[in-house]
Amino acid sequence: GAGVSQSPSNKVTEKGKDVELRCDPISGHTALYWYRQSLGQGLEFLIYFQGNSAPDKSGLPSDRFSAERTGGSVSTLTIQRTQQEDSAVYLCASSLVSGPSGANVLTFGAGSRLTVL
Amino acid sequence: SQQGEEDPQALSIQEGENATMNCSYKTSINNLQWYRQNSGRGLVHLILIRSNEREKHSGRLRVTLDTSKKSSSLLITASRAADTASYFCVPSGAGGFKTIFGAGTRLFVKA
């Protein structure tokens, strides 16, 4: 597609429910990133997929968080048993990695705002 | 991967003035990027400068890079209210493409 698409744009859920957030990256982009941004805070790295390599999950805050990337394209971030502190904007980005010394310019989606009541 | 450290944390100027933001990093890089974020949503890539470049321009933006000091600056000339945003620098080296963002500089341009 022309840009990175995220859905839903807004999600309100009750504490304890599971949520799924979806990211459609730019076609052909090999890398995909998830970040979390709480109100007034910076971007917190969550997870990074690059081609067929094992994802870098070092930023996932707990085992309630998981993500997968299907067929090297669409990604889903799942949060199980949501807590109020999970309320944040979840941002997805993709990039075309152009070699070990090349530029890695990220294109971001508009984000999914999650509110846990 | 490494993250840049932006300075100042916040900056408030009048419309028409120039805004300068600084970035420091720790290890050698191949390139450095600047991004802008309006209204807490997705970031937008502004400009990339490679390690063998010292200065780069794009419209009202001027970026400098001093690899000996491991620092970069972003200058926005003739600022506008629409430039109000958070600005982030992202240094990239040979350690892979995991991309980490710092706290950014919050710029507020008063009309």
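Source: prediction; values computed, not measured.

Right, let's get into the overall build of chain B. Across its full length, chain B holds zero helices and ten strands. Its helices and strands in sequence order give chain B the pattern β-β-β-β-β-β-β-β-β-β, from N to C terminus. Relative to the compact-globule value of 13 Å for 111 residues, chain B shows a C-alpha radius of gyration of 13 Å, a close match. Taking the principal axes of the C-alpha coordinates as reference, chain B spans close to 40 × 25 × 20 Å. Taken across its 111 residues, chain B has 45% of its residues classed as buried. Look at the contacts in chain B between residues 6 or more apart in sequence, and 57% of them connect residues 24 or more apart. Carbon and sulfur atoms make up 46% of the accessible area of chain B, which totals about 5300 Å². Side-chain charges in chain B split into 14 positive and 9 negative, and the spacing between the mean points of these groups amounts to 6 Å.

Moving on to the pattern of salt bridges. It is possible for side chains of opposite charge to pair when their charged atoms get near one another. Tallied over the full model, the rule gives six salt bridges over all chains. One salt bridge in this structure joins Glu14(A) and Lys17(A), with 3.7 Å as the shortest N-O distance. Relative accessible area serves as the criterion here: at 44%, Lys17(A) is assigned to the partly exposed category. With its nearest N and O atoms 3.7 Å apart, the salt bridge here joins Lys98(B) to Asp56(A). Placement of the pair is Lys98(B) in the loop between β9 (85–92) and β10 (105–110) and Asp56(A) in the loop between β5 (44–50) and β6 (65–69), with the two residues belonging to separate chains. For Lys98(B), a relative accessible area of 21% gives the class partly exposed. A relative accessible area of 23% means that Asp56(A) is categorised as partly exposed.

Before going further, it helps to spend a moment on the interface of chain A and chain B. Chain A puts 29 residues into the contact, and the matching count from chain B is 20 residues. Summing the contributions of chain A and of chain B, the shared interface buries around 1900 Å²; its carbon and sulfur component is 52%. Three residues, Leu43(A), Asn104(A) and Phe108(A), lead the burial of chain A against chain B; their summed loss comes to 23% of the area buried on that side. If you look at where chain A meets chain B, you find one salt bridge. Our count for the contact surface shared by chain A and chain B stands at seven residue pairs in polar contact (both at pLDDT 80 or more). Listing elements by their share of the side of chain A that touches chain B, those giving two or more residues are β4 (31–37), β5, β8 (88–95) and β10 (112–116) of chain A. It is β4(A) that provides the largest number of residues to the side of chain A that touches chain B, a total of three residues.

Residues and elements named next belong to chain B. The strand order β2-β10-β9-β4-β5 describes an open sheet built from five strands, whose pairing is mixed. Every other strand in the sheet has two partners, leaving β2 (10–14) and β5 (43–50) as the edge strands with one partner each. Mean inter-strand twist for the sheet, computed between neighbouring axes without regard to direction, equals 25°.

Residue and element names in this part refer to chain A. Judged by pairing direction, the sheet is antiparallel, and its four strands sit side by side in the order β1-β3-β7-β6 without closing on themselves. Among the strands making up the open sheet, the edge pair consists of β1 (5–7) and β6. Here the strands of the sheet are splayed against their neighbours by 15° on average, with no regard to which way each runs. Bridging between β1 and strand β3 (residues 19–24) involves three bridges; their strand directions are antiparallel. Pairing of Gln6 across the sheet is with Cys23, part of β3.

Definitions and cut-offs
- Residues numbered from 1 in each chain as written.
- Chains lettered and ligands numbered in written order.
- Predicted model: local features only at pLDDT ≥ 70, side-chain atom pairs only at ≥ 80, totals over all residues.
- Heavy atoms only, no water.
- Helix = DSSP H or I, 4+ residues; strand = E, 2+ residues; numbered from the N terminus.
- Rg over C-alpha atoms; globule rule 2.2 N^0.38 Å.
- Buried < 20%, exposed > 50% of the residue type's maximum accessible area, 1.4 Å probe, protein only.
- Contact = heavy atoms within 4.5 Å.
- Areas by Shrake-Rupley, 256 points an atom, 1.4 Å probe, with all protein chains shown as cover.
- Lys, Arg positive; Asp, Glu negative; His and termini not counted.
- Charge placed at Lys NZ, Arg CZ, Asp CG, Glu CD.
- Salt bridge = Lys/Arg side-chain N within 4 Å of Asp/Glu carboxyl O.
- Buried area = accessible area lost by both parts, 1.4 Å probe.
- Polar contact = N/O pair within 3.5 Å; in protein donor to acceptor, adjacent residues only side chain to side chain.
- Pairing = 2+ DSSP bridges.
- Axes fitted to C-alpha atoms, helices over the stretch in contact; angles between N-to-C directions.

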